[in-house]
Amino acid sequence: MNYLVAVNFHAFHDVAFLRKCCESVILSVAKFEKDHEEPVSIVLFNNSPRKFDNDLHSFFLTSNIQVEQIHASGNGQIINYQLEYAKLHCFDIFFRVDGDDYVFEDRFSRQALLFKQDANIDICGGGLKYKNVANNKCYTVVPREIPNTFDYLSNKYCLHPTFAIRLSSLPSNLKYWSKRIEDMKFILDANKFGLKFYNDQYLYGIYNYRPKSRNSLKARFLIFKLHVNWALAFNKLALFPAVITLLAGMVLSADHLRRIRRRLFDH
């Protein structure tokens, strides 16, 4: 099989994390090639207006990472471009990496093995260590192997920085939308198409997050709309917790809700 590691770097990612991210990808790819003896291509899809300093520019010149400069209006459009690039260049497996996160050494090797062992897996995820960049506090999230409605409502159905996708499984009309919360919408649509998700019970990396993200009313109502759409499509009993989640989000920050979820359900 042919594998693509797509490093997604957009305007809201912090360039200070990019080199460590890419170095972690190189180490994980080296472990993969040792375990599987198959080649992997690494492409940085750069949609950021920020200039690379000389050290970072030199790093990319001497590394095995190809830099693809793109111009897209939103993150969903960026990911759609990456998926089309992967299909056009005949890749079989698409590994997503966000440019401000770090990958652990075993990630790609484990996900490739899971795809080989189980032909029914269409999208594979895993666990992450969440790191608050404001105070460096960490906690872990490991989604359920076979996620369910509750996992969708609690935003841990499949963690987007860990996505690995079997490209032959993707219908041609399954796309990311151009609005925020694009990964939740993608998960919803993938389920409507009958794609199968599996979460490895293993930590795949570090997710650097900002506690003030997703705090806007617009984001809260988008999430509520997606929850309602999920309930109508798969489980109408989810309408009540969807309303409760919206009301909680009106008075509590996204980070506060993360802490509540962690105390109740996470490690």
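Our structure's up above, just so we're on the same page.
Residues numbered from 1 in each chain as written. Predicted model: local features only at pLDDT ≥ 70, side-chain atom pairs only at ≥ 80, totals over all residues. Heavy atoms only, no water.

## Section: unusual backbone geometry
Comment: phi is negative for the bulk of residues other than glycine, and the bulk of peptide bonds are trans.
Turning to step 1, where the next piece is worked out: At Glu 37, a residue that is not glycine, the phi angle is positive and equals roughly 55°.
Turning to step 2, where the next piece is worked out: Position of Glu 37 among the secondary structure elements: in the loop between helix H1 (18–36) and strand S2 (40–47).
Turning to step 3, where the next piece is worked out: A relative accessible area of 73% places Glu 37 in the exposed class. (Helix = DSSP H or I, 4+ residues; strand = E, 2+ residues; numbered from the N terminus. Buried < 20%, exposed > 50% of the residue type's maximum accessible area, 1.4 Å probe, protein only.)

## As for the pairing of strand S3 (residues 65–69)
Turning to step 1, where the next piece is worked out: As paired strands, S2 and S3 are joined by five bridges and run parallel to one another. Across the sheet, Ile 42 pairs through a bridge with Ile 65, a residue of S3.
Turning to step 2, where the next piece is worked out: Where the polypeptide runs from S2 across helix H2 (residues 54–62) and back to S3, its parallel neighbour, the crossover connection is right-handed. (Pairing = 2+ DSSP bridges. Right-handed = clockwise from strand over helix to strand, strands pointing away.)

## Some words on the pattern of salt bridges
When the charged atoms of two side chains with opposite charge come close together, those side chains can pair.
Turning to step 1, where the next piece is worked out: All chains considered together, the criterion is met by 13 salt bridges.
Turning to step 2, where the next piece is worked out: A salt bridge links Asp 106 to Lys 31, with the nearest nitrogen and oxygen atoms 3.4 Å apart. Residue Asp 106 is found in the loop between strand S5 (102–103) and helix H4 (107–117), and its partner Lys 31 is found in helix H1; the two are separated by 75 residues along the sequence.
Turning to step 3, where the next piece is worked out: Residue Lys 185 pairs with Asp 189 through a salt bridge whose shortest N-O separation is 2.6 Å. In this pair, Lys 185 and Asp 189 are both assigned in helix H6 (residues 182–192), four residues apart and thus about one turn of the helix distant. Per residue, the accessibility class of Lys 185 equals that of Asp 189, and both read buried. (Salt bridge = Lys/Arg side-chain N within 4 Å of Asp/Glu carboxyl O.)

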